[in-house]
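# Structure at a glance
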Amino acid sequence: MFPAVLILAAIAAGSVPAASVLASARWPGRSPAAAILLWQALGLGWGLAAVGAFAGLGAGRQHAGVARAALAVASRVVRGAAFGPRASGLLADLRLVFVAAGLVLLMLLCWVLVAAFAAVLRARRRQRELLSLLAHGDPKVPGALVVDHPAAAAYCVPGLRSRIVISAGTLELLDQAELAAVLAHERAHLRERHDLVLLPFTALLRAFRWSAVARRAEGAVALLVEMLADDHALRHRPASELATALMRVGAAGSPVPSGTLAAAAGGAGGAGAAAAGGGGGEVAVRVARLLRPAPGLSASAIALVCGTAVLLVAVPVAFLFIPF
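Thresholds applied
- Residues numbered from 1 in each chain as written.
- Predicted model: local features only at pLDDT ≥ 70, side-chain atom pairs only at ≥ 80, totals over all residues.
- Heavy atoms only, no water.
- Salt bridge = Lys/Arg side-chain N within 4 Å of Asp/Glu carboxyl O.
- Helix = DSSP H or I, 4+ residues; strand = E, 2+ residues; numbered from the N terminus.
- Expected span 1.5 Å × (residues − 1).
- Buried < 20%, exposed > 50% of the residue type's maximum accessible area, 1.4 Å probe, protein only.
- Axes fitted to C-alpha atoms, helices over the stretch in contact; angles between N-to-C directions.
- Parallel < 35°, antiparallel > 145°, perpendicular 65-115°, else oblique.
- Contact = heavy atoms within 4.5 Å.
- Nonpolar A, V, L, I, M, F, W, Y, C, P; charged D, E, K, R; others polar.
- Polar contact = N/O pair within 3.5 Å; in protein donor to acceptor, adjacent residues only side chain to side chain.
- Core = buried A, V, L, I, M, F, W, Y, C linked by side-chain atoms within 4.5 Å.
- Phe/Tyr/Trp six-rings, centres within 6.5 Å; stacked < 30°, edge-to-face > 60°.
- pLDDT = per-residue confidence, 0-100.
- Patch = residues over 30% accessible without salt bridge, like charges linked within 9 Å, V, L, I, M, F, W, Y side chains within 5 Å.
- Areas by Shrake-Rupley, 256 points an atom, 1.4 Å probe, with all protein chains shown as cover.
- Pairing = 2+ DSSP bridges.

## As for the pattern of salt bridges
Considering all chains together, one arrives at eight salt bridges under this definition. Arginine 124 is the salt-bridge partner of aspartate 195, the closest N and O atoms lying 3.1 Å from each other. Taken together, the residues aspartate 195 in helix H7 (residues 194–207) and arginine 124 in helix H4 (residues 89–134) connect sequence positions 71 residues apart. Salt bridges sharing partners connect three or more residues here, namely Arg124, Arg193 and Asp195.

Quick look at the structure:
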């Protein structure tokens with residue numbers, strides 16, 4: 001069991017500096033989809049490896065998957081058999097502590113994910129209720145709702161009853177071509193369900209608010225999600241239109257509601273929305289990327305990224321569930 005625990009611990013510990021390196025890298029902007037896949041694999045791999053390392057330390061030398069061995073230890077404790085007559089009291093207590101730590105970490109990660117999802121659902125329900133009272137349609141932005149507010153804002157409310165919201169200030173600020181580019185960007189968010197991509201990282205930040213790595217991870221993924229929506233919008237509109245719209249709306253610096261995704265904003269009512277909206281620096285990065293596009297990653301580089309993502313998840317899963 002010790003080699004498995006050592007490998008799982010190495011993956012869990014190495015994921016933290018790896019996240020910092022990935023957050024500082026420049027290549028993700030050349031292929032946002034591949035970078036998002038790697039971020040998701042890094043987060044999931046870290047969670048599985050961290051839980052598995054704790055559980056493995058408490059499982060002893062049983063020749064089984066870490067998860068099964070840890071459950072067997074917990075089952076014996078519940079039945080009162082503990083760890084057998086040869087185990088010392090201190091060793092038994094330490095193993096129990098490690099198994100308990102693994103279970104607590106697993107429950108914590110699951111709980112913050114559920115709590116983050118519930119908070120987002122509540123925020124979106126409140127937003128839809130307000131929109132039903134305050135918003136109206138406008139032929140200038142077909143398929144979107146308009147809110148009579150002078151500040152420039154454009155965002156979407158994801159979900160089964162998704163909505164795209166444009167403020168009256170945005171209608172005055174942008175011309176028809178720029179509005180079309182913004183709508184294409186927001187439709188990409190809704191169609192690709194980018195809110196679900198962001199949710200695990202928002203949940204991770206809720207659990208580890210003190211962690212600079214968690215903040216950088218959420219910010220990096222949020223920026224990549226915006227870049228991905230930009231790329232989808234470019235299939236329908238010229239880059240100059242979207243870049244101009246982003247600069248104009250971003251310069252207004254208007255906050256957007258929690259639980260939404262904004263094309264460009266200076267702040268938001270919640271962590272996920274703030275990250276998704278992006279501050280002025282993120283908007284500048286996106287505009288520069290639109291106006292001076294870099295070549296995408298080569299097929300071999302994308303294959304390397306995807307292979308790394310698969311290994312980050314497959315290795316912890318193998319040690320957790322496959323006997324050895």
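The discussion continues.
## Examining H7
Spacing of three or four residues puts side chains on the same side of an α-helix, whose turn is 3.6 residues. Here H7 is 14 residues long and its end C-alpha atoms lie 21 Å apart, about the 20 Å a rise of 1.5 Å per residue gives. Most of H7 sits out of view: 10 of its 14 residues are buried. Within the span of H7, buried status applies to His194, Asp195, Val197, Leu198, Leu199, Phe201, Thr202, Ala203, Leu205 and Ala207.

## Side note on the packing of helix H6 (residues 176–192) against helix H9 (residues 239–252)
When two helices pack together, their arrangement is given by the angle between their axes and by how far apart the axes lie. Two numbers describe how H6 lies on H9: the axes approach to 8 Å, and their chain directions differ by 90 degrees. The orientation of H6 with respect to H9, classified from their angle, is roughly perpendicular. Of H9, the residues touching H6 (which contributes Ala177, Glu178, Ala181, Val182 and His185) are Glu241, Leu242, Thr244, Ala245 and Arg248. Looking at the contact of H6 with H9 residue by residue, the classes come out as five nonpolar, two polar and three charged.

## Some points on helix H8 (residues 212–234)
In a regular helix each residue adds 1.5 Å, so 23 residues correspond to 33 Å; H8 covers 33 Å between its end C-alpha atoms and thus fits that length. With a side-chain oxygen lying 3.3 Å from the backbone nitrogen of valine 213, the N-terminal cap of H8 falls on serine 211.

## Quick notes on the nonpolar core
Residues Trp39, Val141, Ile164, Ile166, Val182, Val221 and Leu246 are the most contacted members of the largest nonpolar core, which totals 51 residues. It is H8 that contributes the most residues to this core, 10 residues altogether. The residues contacting valine 182, other than those within four sequence positions of it, are Ala154, Ile166, Leu174, Ala245 and Ala263.

## Observations concerning the packing of H7 against H8
Between H7 and H8, the shortest axis-to-axis distance is 9 Å and the interhelical angle comes to 170 degrees. One element, H7, and the other, H8, form an angle in the roughly antiparallel class. Here His194, Val197, Leu198, Phe201, Thr202 and Leu205 of H7 come into contact with H8, specifically with Ala214, Arg215, Ala217, Glu218, Val221, Ala222, Val225, Leu228 and Ala229. The residue makeup of the contact of H7 with H8, split by class, is 11 nonpolar, two polar and two charged.

## Describing the side chain of threonine 260
Structurally, threonine 260 is set in the loop between strand E5 (255–256) and strand E6 (261–262). Note on threonine 260: relative accessible area 2%, which makes it buried. Within the local environment of threonine 260, its side chain forms a polar contact with the backbone oxygen of proline 257, the two atoms lying 2.6 Å apart.

## Description of the packing of aromatic side chains
In the structure shown here, the tally under the stated rule is three aromatic pairs. For the pair phenylalanine 208 and tryptophan 210, a centre-to-centre distance of 5.8 Å together with 85 degrees between the ring planes defines the contact as edge-to-face. We classify phenylalanine 208 as buried; its relative accessible area is 16%. In this structure tryptophan 210 comes out as exposed when scored by relative accessible area, which is 67%. A network of ring pairs unites the aromatic residues Trp46, Phe208 and Trp210 as a single cluster.

## As for the confidence of the model for the protein chain
Residues with a pLDDT of 70 or more make up 82% of the protein chain, whose mean pLDDT is 84. This model gives residues 81–87 a pLDDT under 50, and the stretch forms 10 contacts once residues within four places in sequence are excluded. Counted against residues more than four places away or in other chains, residues 266–278, with its pLDDT under 50, gives 37 contacts.

## Some remarks on a nonpolar patch on the surface
Residues Leu103, Val104 and Met107 make up a contiguous nonpolar surface patch of about 290 Å² in total accessible area. Within the secondary structure, leucine 103 sits in helix H4.

## Here we look at the sheet that holds E6
Taking strand neighbours across the sheet as the criterion, the five strands line up as E1-E2-E4-E3-E6 in an open arrangement whose pairing is mixed. With one partner strand each, in any of the chains shown, strand E1 (135–137) and E6 form the two edges of the open sheet. Here two bridges tie strand E3 (residues 154–157) to E6, and the two strands are oriented antiparallel to one another. Bridge pairing links tyrosine 155 to alanine 262 in E6.

## Regarding the environment of leucine 109
Mapped onto the elements, leucine 109 comes out in helix H4. For the pair leucine 109 and glycine 47, spaced 62 residues apart in sequence, the C-alpha separation works out to 7.8 Å. Ignoring any residue separated from it by four or fewer positions in sequence, one finds leucine 109 in contact with Trp46, Gly47, Leu204 and Phe208.

## Thoughts on the pairing of strand E4 (residues 163–167)
For E4, the buried fraction is high: four of the five residues fall into the buried class. Where E3 lies against E4, four bridges are found, and the strand directions are antiparallel. Paired with tyrosine 155 across the two strands is valine 165, which belongs to E4. Linkage of E3 to E4, two consecutive antiparallel strands, is achieved through a turn of five residues, within which glycine 159 is found at a positive phi near 130 degrees.

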